[in-house]
Amino acid sequence: MNTNINSYDVLACYYDKIYNYQKSNKSNDEINSFINDLLSRVKKKNNFLDVGCGTGIYTNLIYKHFNKSTGIDPCKSMIEKCKNEKVTFKCSFLNELNRDIYNFISCFSQVVNHLSNIKLLEEFIQDVSTRLVPGGIFYFDIFNYDFFIKNEPVNESRPLLENVKYIISPEILCKTDNYINMVLHNKIINKDETYPYTLSMYIWKLNIIETICSKYNIKIVEKCKMFDISNTNLLECPKISIICQKVHNIQ
């Protein structure tokens, strides 16, 4: 986890440009439509928490719908890029945050895939559950285990700015019955300067996540292609969106 945080120090200056490639080829209108559908499920819009908010891209899209909004990220360089006086931004992990209760908690941009063992995954989901009001909504998107168990990731080169390139070199280190460990050996090339960084991602099998969610009274209500509620053919999707609701008990 700490290695990944250090990598985001490298990414911070370019993150808003990199985001243009994180949207699964969706337009801004399509992203807004998905978010509006997501927010329609939140019955009372008192308190919103964005976990792993980065530079505040999604926080800034959503905050205006809520009375109070908070964005947290463990990378100080990311938080320093967040500019919105109507949102409380904090450099923090979830388990370091005060025990406020939220109507909506989000984890965009594959935050859950940074959790490197089953204990961390369970503690995270339990922590989310304790902070959600009954009926509250929990959203996250993840790399899709069922896709990568059958398909290899591809190398890519993406232009960010004039004379700036973003090179993605993924490598799958292992595939198990519960997770896939994929390491991203990436770099940003700015003219003659190269800034390498590494991200280690743990792609958890969805039924592992579902079992843990159920244990802590979180019910998965929608699974779809990332940002596309109409596409539920998950086997073809490298990234997927998961919409959950806190319930009193799951039978």
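Data block above holds the structure.
Residue numbers run consecutively from 1 along every chain, following the written order of its sequence. Local features in a predicted model are, by the rule used here, given only for residues with pLDDT of at least 70; side-chain atom pairs are given and counted only at 80 or more, and totals for whole chains, interfaces and linings are based on all residues. Based on all heavy atoms of the structure, the side-chain values leave hydrogens and waters out of the count.

*Asks:* Describe in detail the pattern of salt bridges, supporting the description with residues and values.
*Replies:* When a carboxyl oxygen of Asp or Glu is within 4 Å of a side-chain nitrogen of Lys or Arg, the pair counts as a salt bridge. On inspection of all chains with the given rule, the structure shows ten salt bridges. One salt bridge in this structure joins Asp127 and Arg131, with 2.8 Å as the shortest N-O distance. Highlighted residues: Asp127 and Arg131, both in helix 6 (residues 118-131), separated by four residues, approximately one helical turn. Relative accessibility decides the category of a residue: with a 1.4 Å probe and only protein chains considered, values under 20% of the type maximum give buried, values over 50% give exposed, and everything between is partly exposed. Residue Asp127 is classed as buried on the basis of its relative accessible area of 7%. One network of salt bridges, in which partners are shared, links Asp37, Arg41 and Glu222. Segments assigned H or I by DSSP are reported as helices when at least four residues long, segments assigned E as strands when at least two residues long, and all are numbered from the N terminus.

*Asks:* Describe the sheet that holds strand 5 (residues 132-143), naming the residues involved and giving the relevant values.
*Replies:* Strands were regarded as paired on the criterion that DSSP finds at least two bridges between them. Strand order in the open sheet formed by seven strands is 3-2-1-4-5-12-11, and the pairing between neighbours is mixed. Unpaired on one side and paired on the other, strand 3 (88-91) and strand 11 (218-225) mark the two borders of the sheet. Put simply, the sheet's adjacent strands are angled 15° from each other on average, direction ignored. It only takes one pair of heavy atoms within 4.5 Å for two residues to be counted as in contact. Note on method: axes are straight lines fitted to C-alpha atoms, helices fitted across the in-contact stretch only, with angles between N-to-C directions ranging 0 to 180 degrees. Each of strand 1 (47-51), strand 4 (102-107), strand 5, strand 11 and strand 12 (239-246) is contacted by helix 6, which is oriented at about 145° to strand 5, the strand it contacts most.

*Asks:* Please set out helix 3 (residues 28-40) residue by residue, giving values where relevant.
*Replies:* In this model helix 3 runs 18 Å from its N-terminal to its C-terminal C-alpha over 13 residues, within 8% of the 18 Å that 1.5 Å per residue would give. Among the residues of helix 3, those classed as buried are Ile31, Phe34, Ile35, Leu38 and Leu39. Down the axis, helix 3 shows its buried residues gathered within 135° of arc, on one side only. Next to the buried residues of helix 3 lie helix 4 (57-62), strand 4, strand 5, strand 11 and strand 12. Between the first and last residue of a helix there are one fewer steps than residues, each counted as 1.5 Å, and that sum is the expected span. What the arc measures is the spread of directions leading from the helix axis to the C-beta atoms.

*Asks:* Give me the pairing of strand 9 (residues 179-190): which residues, what numbers.
*Replies:* Bridge count for strand 7 (residues 164-168) against strand 9 is four bridges, and the pairing is antiparallel. Residue pairing across strands places Val164 opposite Asn190, the latter belonging to strand 9. With five bridges connecting them, strand 8 (residues 170-175) and strand 9 associate as antiparallel partners. Following the sheet pairing, Pro170 is matched in strand 9 by Leu184. Where strand 8 hands over to strand 9, the hairpin turn is made up of three residues, counted between the paired strands. Hairpin geometry of strand 9 and strand 10 (residues 193-204) is characterised by an intervening segment of two residues between the two adjacent antiparallel strands and by a positive phi of about 55° at Lys191.

*Asks:* Break down the side chain of Asn113 for me, with residues and values.
*Replies:* Within the secondary structure layout, Asn113 lies in the loop between strand 4 and helix 6. Taking relative accessible area as the criterion, Asn113 reaches 1% and is therefore assigned buried. Beyond its immediate chain neighbours, meaning those up to four positions away, Asn113 contacts Ile142, Phe143, Ser200, Met201, Tyr202, Ile203 and Trp204.

Nothing here speaks to function; it is geometry throughout.
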